[in-house]
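# Observations on the three-dimensional arrangement
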Amino acid sequence: MNADTAHPDRAAPAANADPAELAKFSALASRWWDPESEFKPLHRINPLRLDWIDRLAPLRGRRVVDVGCGGGILAESMAGRGAEVLGIDLAERPLKVAELHALESGAAVRYRHVSAEALAAEEPEGFDTVTCMEMLEHVPDPESTIRACAQLAKPGGWLFFSTINRNPKSFLFAIVGAEYVLRLLPRGTHEYGKFIRPSELAGALRRCGLETVEMTGLTYNPITQVYSLHQTDVSVNYAVAVRKPG
């Protein structure tokens, strides 16, 4: 047991988290590694996002922190590419699932119950690469998370963020389609008002001193049930790769 799990109140003052969001994912924790569960989309998109990250910022030999790691799907796969990975989250049940799965799989990943803001104060400029995927739309203050991620990255380091655009199409696809029609996700997974337009994310990245290198969309074909990266279609799900000057 590390210091943060022994004394969770230490991270609380800096915790940028919505208790309802933590409870939502904690309730599903036991099914995180079931590829046919509510987390099926994460399992399906993980190879795409892993290859994208590894292409831009080769993972082997790098020190990586996965912010909002949940049950550890991305964290384990990055460790499999040779990175030294720390996964952090404020939802304790998914973290326990991640730790147990790592013991079973032998993945060289460490996990901590700590906020990005608290870890940034503890280990500023401590990581070559920072990932924060499918998290920004679930926190009360996305820019606080982005600022903490920027502080965690070494000068010249890479950061990767993914989130959901806010427009009528994203409401139709990410909420009505994914949660109610196709049932790819549990109802209530997302709140439309928390979605983030690319222009809003770009502004936050600039204010945090980060430089955007690449933006890509993630599309889903409901007929073929295939996910793909799409360089020009960022109308629903999208991700950005940025660097910290140095």
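Further up the page is the structure itself.
One numbering rule holds for all chains: residues counted from 1, following each sequence as written. Given that this is a predicted model, residues contribute local features only at a pLDDT of at least 70 and side-chain atom pairs are listed and counted only at 80 or more, while totals for whole chains, interfaces and linings are drawn from all residues. Hydrogens are left out, water is left out, and the side-chain values use all remaining heavy atoms of the structure.

## A closer look at the overall build of the chain
For the chain, the helix and strand inventory stands at 9 helices and 8 strands. Just to be clear, the radius of gyration here is over C-alpha atoms, and the globule rule we use is 2.2 Å times residues to the power 0.38. Computed over its C-alpha atoms, the radius of gyration of the chain comes to 17 Å, within 12% of the 18 Å expected for a compact globule of 246 residues. Looking at the chain as a whole, 54% of its 246 residues are labelled buried. Restricting the contact set of the chain to residue pairs at least 6 apart, pairs at least 24 apart contribute 71%. Here the accessible surface of atoms and residues is derived via Shrake-Rupley with a 1.4 Å probe, and residues count as covered only by protein chains that are part of the display. Accessible surface, the chain as shown: approximately 11,100 Å² in total, 56% of it carbon and sulfur. In the chain, 27 side chains carry a positive charge and 31 a negative one; their mean positions are 3 Å apart. Helix and strand assignments follow DSSP, with helices taken as H or I runs no shorter than four residues and strands as E runs no shorter than two, numbered in order from the N terminus. Classification of residues uses two cut-offs on accessible area relative to the type maximum, computed with a 1.4 Å probe and protein chains only: under 20% is buried, over 50% is exposed, and between them is partly exposed. Working rule for contacts: check all heavy atoms of both residues, and any pair within 4.5 Å makes them a contact. In this tally, Lys and Arg are treated as positive and Asp and Glu as negative; His is ignored, and so are the chain termini. Here the site of a charge means atom NZ of a Lys, CZ of an Arg, CG of an Asp or CD of a Glu.

## Side note on the sheet that holds strand S4 (residues 127–133)
Two strands make a pair as long as DSSP finds a minimum of two bridges between them. Spatially, the 8 strands line up as an open sheet ordered S3-S2-S1-S4-S5-S8-S6-S7, and their pairing is mixed. Looking at which strands have only one partner, the edges of the open sheet turn out to be strand S3 (109–113) and strand S7 (226–230). For this sheet, the mean inter-axis angle between neighbouring strands, taken without regard to orientation, is 20°. Each axis is a line fitted through C-alpha atoms, and for a helix only the stretch in contact is used; angles between axes span 0 to 180 degrees, taken between their N-to-C directions. Here helix H3 (residues 40–56) sits on the sheet in contact with S4, strand S5 (153–164), strand S6 (211–221), S7 and strand S8 (237–243), set at roughly 25° to S7. Along the sheet, helix H4 (residues 73–80) makes contact with strand S1 (63–67), strand S2 (84–89), S3 and S4, crossing S3 at roughly 150°.

## Here's the deal with the environment of isoleucine 164
When you line up the elements, isoleucine 164 lands in strand S5. Relative accessible area serves as the criterion here: at 2%, isoleucine 164 is assigned to the buried category. Sequence separation of isoleucine 164 and lysine 194 is 30 residues, and the distance between their C-alpha atoms is 8.8 Å. Excluding residues within four positions of it along the chain, isoleucine 164 makes contact with Glu137, Ser170, Ala174, His190, Phe195, Ile196, Val236, Asn237 and Tyr238.

## Re the pairing of S2
For S2, the buried fraction is high: 5 of the 6 residues fall into the buried class. Summarising the sheet, S1 and S2 pair through 5 bridges and their orientation is parallel. Directly across from valine 67, in S2, lies its bridge partner isoleucine 88. Handedness is read with the strands pointing away from the viewer; a crossover is right-handed when the path from the first strand over the helix to the second is clockwise. On the question of chirality, the crossover connecting S1 to the parallel S2 by way of H4 is right-handed. Inspection of the sheet shows S2 paired to S3 by 5 bridges, in the parallel sense. Within S3, the residue paired with aspartate 89 across the bridge is histidine 113.

## Looking at the pattern of salt bridges
Each reported salt bridge corresponds to a side-chain nitrogen of Lys or Arg within 4 Å of a carboxyl oxygen of Asp or Glu. Tallied over the entire structure, the rule returns 19 salt bridges. The salt bridge partner of glutamate 214 is arginine 55, with a shortest N-O separation of 2.8 Å. Taken together, the residues glutamate 214 in strand S6 and arginine 55 in helix H3 connect sequence positions 159 residues apart. Look at the salt bridges and you will find they share partners, linking Asp18, Glu191 and Lys194 into a network.

## A short note on the packing of aromatic side chains
Each aromatic pair joins two rings of Phe, Tyr and Trp (for Trp, the six-membered one) with centres within 6.5 Å, and gets the label stacked for planes under 30 degrees apart, edge-to-face for over 60, and tilted for any other angle. The final tally for this structure, using the stated rule, is 6 aromatic pairs. Geometrically, the ring pair formed by tryptophan 32 and phenylalanine 39 is stacked, given 4.1 Å between the ring centres and 20° between the ring planes. When sorted by exposure, tryptophan 32 lands in the same class as phenylalanine 39, which is buried. Ring centres 5.6 Å apart and planes at 85° place the aromatic pair phenylalanine 171 and tyrosine 192 in the edge-to-face group. Taken together, the positions of phenylalanine 171 in helix H8 (residues 168–181) and tyrosine 192 in the loop between H8 and helix H9 (198–207) put the pair 21 residues apart, joining distant regions of the chain. The exposure class of phenylalanine 171 is partly exposed, given its relative accessible area of 38%.

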